[in-house]
Amino acid sequence: TSILQKEGIRVMHVVSSSKLALKCQDAGVDAVIAEGFEAGGHNGREETTTMCLIPAVQKVLSIPLIAAGGIATGSAMMAAMVLGAEGVQVGSRFVCTPEASSHEAFKQEIVNANEGDTELVLKQLTPVRLLKNSFYTKVKEAENNAASKEELNELLGKGRAKLGMFEGNLLDGELEIGQVSAIIDEIKPAKEVLNDIWNEFIEVYNTLRKAI
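Below: a short report on this structure. (Residues numbered from 1 in each chain as written. Predicted model: local features only at pLDDT ≥ 70, side-chain atom pairs only at ≥ 80, totals over all residues. Heavy atoms only, no water.)

**Some details on the sheet that holds strand β3 (residues 41-42)**
With antiparallel pairing, the 3 strands of this open sheet are ordered in space as β3-β7-β6. Looking along the sheet, the strands with just one partner apiece sit at the ends: β3 and β6 (118-121). Contacts from helix α7 (residues 134-144) reach β6 and β7 (128-131) within the one sheet, and its direction differs from that of β6 by about 45°. (Pairing = 2+ DSSP bridges. Helix = DSSP H or I, 4+ residues; strand = E, 2+ residues; numbered from the N terminus. Contact = heavy atoms within 4.5 Å. Axes fitted to C-alpha atoms, helices over the stretch in contact; angles between N-to-C directions.)

Below you can see the structure in the form of structure tokens.
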């Protein structure tokens, strides 16, 4: 941490619990990114949702807190900040943009996704939230049959994420994405995504001000 900071680099660390957040604060990071269970990709074993995680972490931190996990709209951004975050990290929504290096087939699979189409698996290795496909089914069957870490490692192999997300193999690839995929219904430029989130955030803010 100190090596990076000496070069003028801000250091932020992703955590899934207040215990880990405190460890990061003690290590001297500039900010903590608290990522809830809804998030895509690698995740926490505790399965704490963003709505529960953010206030818990905010309660023990004295450094800036950034919320992540399930945030893709201006209203979600507002909710995170009401819960105690100073900012938000948005991941899954930007996968479905022309600028993203992810494969077009993967992007379309996200657009087609519905509620319940992702699940957190591989907790024995590194927990990861995946879109349900043929590879996911093999993982679930292995876990249901009490597969060992070694067996799961063999099943995972190497380059599985690249195969799915960047090469477009929707059957055998690892398709990492958050639960928020259920409300992503189009591929649009990153600039438009940012504008949509910000404009909705301001709209919600103004509505709340009038209601108070």
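**Overview of the pairing of β7**
The two faces of β7 match: V128 and L130 on one face and R129 and L131 on the other face are all buried. Summarising the sheet, β3 and β7 pair through 2 bridges and their orientation is antiparallel. Across the sheet, residue H42 finds its bridge partner in β7, namely V128. Bridge count between β6 and β7: 4 bridges; the pairing is antiparallel. (Buried < 20%, exposed > 50% of the residue type's maximum accessible area, 1.4 Å probe, protein only.)

**Some details on the side chain of E35**
Assignment of secondary structure puts E35 in strand β2 (residues 31-35). No salt bridge is formed by the buried E35. Its closest oppositely charged neighbour is R129, at 9.0 Å. Apart from the residues lying within four places of it in its own chain, the contact partners of E35 are V14, V15, S16, H42, N43, L53, A68, G69 and Q89. (Lys, Arg positive; Asp, Glu negative; His and termini not counted. Salt bridge = Lys/Arg side-chain N within 4 Å of Asp/Glu carboxyl O.)

**Describing the pattern of salt bridges**
Throughout the structure, instances matching the rule amount to 6 salt bridges. Here E104 ties to K107 by a salt bridge, and the two come within 3.1 Å at their closest N and O atoms. With E104 and K107 both in helix α6 (residues 104-112) and 3 residues apart, the pair spans about one turn of that helix. Beyond isolated ion pairs, a larger network of salt bridges with shared partners links E186, K188 and D196.

Honestly, it's all geometry; don't read function into it.
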